[in-house]
Amino acid sequence: MCGRTACTLACDEFPKACRYKGKDGKTLEPQWRDSYKGSGKYYPSHNISPQSYTPVLVSSKHFSGATSEAMPERLLQPMKWGLIPSWHRGDPKEFTYNMSNARSDTLLDKKSFKSSLEKGKRCVVLAEGFFEWETLKGGKKQPYFIYFKTLEGKTEDETVVEAAQKERGDMDVCIKEEGKVSSEATGTPGKRLLTMAGLFDHWQAPKDSSSEDKDLFSYTIITVDSTDSLKWLHHRMPAILNGEEEVRQWLEFGEVPWKKALNLVTPKDCLQWHPVSTVVNNSRNKSPDCIKPIDLSKQQEKPVAGTLFSYFKKSPKKAEKSSDEPSPKKPKFQ
């Protein structure tokens, strides 16, 4: 599954991070649509939970005719995490179903997901990575931060590009230098943005509705069975779109029909991970400590200033027999 992500790029950094090659071969940047109706406010954070607004990539064909301005092939638009179907006839806040994830094997069984899929409402959900929790003995949970693999200090994009250039002797493939995330906060080599397959919908309030929301764009992340290398952590993982060509096919709903696009929704062994502090358990904690690697060989993590753990700091003797992991009986930390 995917229940928490990290996304810290600023709005003006996203277009450069999402550069791509257009049909004419030119390097292009998607247009940011922060002011478009139905777009909520995106706030960069190291700890993002469902119901937040995060940037997704969509084809501009979805909005052709909606505006007279010229648009590039792709758009970046903040959408609410947790799909609200267009057919819902009440206040979006009263929609109680959990639609943050959509299982790939039941997409056609649920009206909300099937409708978006058949109408070509496919999007690419962007993040630096996502979190998953390993269940330990006694019910304790150890969080991990998961992201695209890096190879020998180089991003997977760079490795693929260099191999292609060496073989072909040209510069046909574009290296996304701007797409790297700073390594200062994580202590790891620069990483490209994680690209996850998603579906979106556009809810519009009925004319007689008293809802504060009149237009709402929302999305869900498609999940698949985990790869063998990740099953120890969780049995589900996001459907990763690995590489520019997969991203292009997923977005081009007019060119690639949904039945063919579903071939992209498969487990892919292209991720790596590291353990992180349990401060991420509380979604209100947004600091870089949420994604910094920790050493599991240490018996106890140092309390982070400003958290509940630092307030209730244990004595050294008690710390030897216990952990600052949240108790399973305290769901607010799960």
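Our subject is the structure listed above.
Residues numbered from 1 in each chain as written. Predicted model: local features only at pLDDT ≥ 70, side-chain atom pairs only at ≥ 80, totals over all residues. Heavy atoms only, no water.

> Even after reading the chapter, I still don't get the overall build of the protein chain, so can you show me in this structure?
Each helix and strand in the protein chain was counted, giving seven helices and 19 strands. A burial count over the protein chain gives 50% of its 334 residues as buried. In the protein chain, the share of contacts with a sequence separation of at least 24, taken over all contacts with a separation of at least 6, comes to 68%. With the model as given, the accessible surface of the protein chain reaches about 16,900 Å², and the carbon-plus-sulfur share is 50%. (Helix = DSSP H or I, 4+ residues; strand = E, 2+ residues; numbered from the N terminus. Buried < 20%, exposed > 50% of the residue type's maximum accessible area, 1.4 Å probe, protein only. Contact = heavy atoms within 4.5 Å. Areas by Shrake-Rupley, 256 points an atom, 1.4 Å probe, with all protein chains shown as cover.)

> What exactly am I supposed to notice about the sheet that holds strand β11 (residues 141-148) here?
Remark on secondary structure: sheet strands pair via backbone hydrogen bonds, oriented parallel or antiparallel. The antiparallel open sheet is built from five strands, whose spatial order is β5-β1-β10-β11-β19. The open sheet has two edge strands, β5 (45-48) and β19 (271-275), and neither has a second partner. Between one strand axis and the next, the sheet turns by 30° as a mean value, whatever way the strands run. Taken together, the six bridges between strand β10 (residues 129-135) and β11 define a ladder with antiparallel strand orientation. Bridge assignment links F130 to a residue of β11, and that residue is I146. (Pairing = 2+ DSSP bridges. Axes fitted to C-alpha atoms, helices over the stretch in contact; angles between N-to-C directions.)

> So what exactly am I meant to see when it comes to helix α2 (residues 111-118) here?
Each full turn of the α-helix corresponds to 3.6 residues, which orients residues three or four apart in the same direction. Burial in α2 covers these residues: S112, F113, S115, S116 and L117. Two residues or fewer past α2, G120 is found with a positive phi of approximately 75°.

> Even after reading the chapter, I still don't get helix α4 (residues 244-251), so can you show me in this structure?
When α4 is considered as a whole, its buried residues turn out to be E246, V247, Q249, W250 and L251. Where α4 is buried, its residues touch β6 (53-59), β7 (74-81), β9 (122-127), β16 (194-204), β17 (215-225) and α5 (258-261).

> When you look at the pairing of β9 in this model, what are you seeing that I'm missing?
Successive side chains on a regular strand alternate, one facing one side of the sheet and the next facing the other. In terms of residue burial, β9 counts as a mostly covered element, since six of its six residues are buried. Taking every second residue as pointing to the same face, both faces of β9 are buried, with R122, V124 and L126 on one and C123, V125 and A127 on the other. Inspection of the sheet shows β6 paired to β9 by two bridges, in the antiparallel sense. The residue bridging V56 from the neighbouring strand is V125, located in β9. Note: β9 against β16, six bridges, orientation antiparallel. Looking across to β16, one finds that V124 is bridged to A197.

> Can you walk me through the environment of L9 in this structure?
Locating L9 in the fold gives a position in the loop between β1 (5-7) and α1 (14-17). Taking the C-alpha atoms as reference, L9 lies 10.0 Å from P55; in sequence the two are 46 residues apart. Apart from residues lying up to four places away in sequence, L9 is in contact with F14, A17, Y42, P44, E128 and L193.

> Explain the environment of K214 to me, please; I cannot follow it from the model alone.
Residue position: K214 is located in the loop between β16 and β17. What makes K214 partly exposed here is its relative accessible area of 44%. A sequence separation of 123 residues divides K214 from D91, and the C-alpha atoms of the two residues are 9.5 Å apart.

> Explanation requested: the packing of aromatic side chains in the structure shown.
Any two aromatic rings considered together are summarised by their centre-to-centre distance and by the angle between their planes. In total, this model carries 12 aromatic pairs according to the counting rule given. Each ring, one from F14 and one from W32, has its centre 5.9 Å from the other, and the planes form 35°; the classification is tilted. Taken as a pair, F14 in helix α1 and W32 in strand β4 (residues 31-32) lie far apart in primary sequence, 18 residues in all. Looking at F14, the relative accessible area reads 0%, which means it is buried. Ring geometry for F145 against Y147: centres 5.6 Å apart, planes inclined by 40°, an arrangement best described as tilted. (Phe/Tyr/Trp six-rings, centres within 6.5 Å; stacked < 30°, edge-to-face > 60°.)

> Help me understand the pattern of salt bridges, please; the structure alone is not making it clear to me.
As a working rule, side chains carrying opposite charge can pair if their charged atoms are close by. A full pass over the atoms with the stated rule returns 11 salt bridges. For R19, the salt bridge identified is with E29, shortest N-O distance 2.8 Å. Of this pair, R19 sits in the loop between α1 and β2 (20-21) while E29 sits in the loop between β3 (27-28) and β4, placing them 10 residues apart in sequence. When its relative accessible area of 22% is taken as the criterion, R19 is described as partly exposed. A salt bridge links K268 to E246; the shortest N-O distance between them is 3.5 Å. Placement of K268 in the loop between α5 and β19 and of E246 in helix α4 is noted, with a sequence separation of 22 residues between them. An identical accessibility class is assigned to K268 and E246; each is buried. (Salt bridge = Lys/Arg side-chain N within 4 Å of Asp/Glu carboxyl O.)

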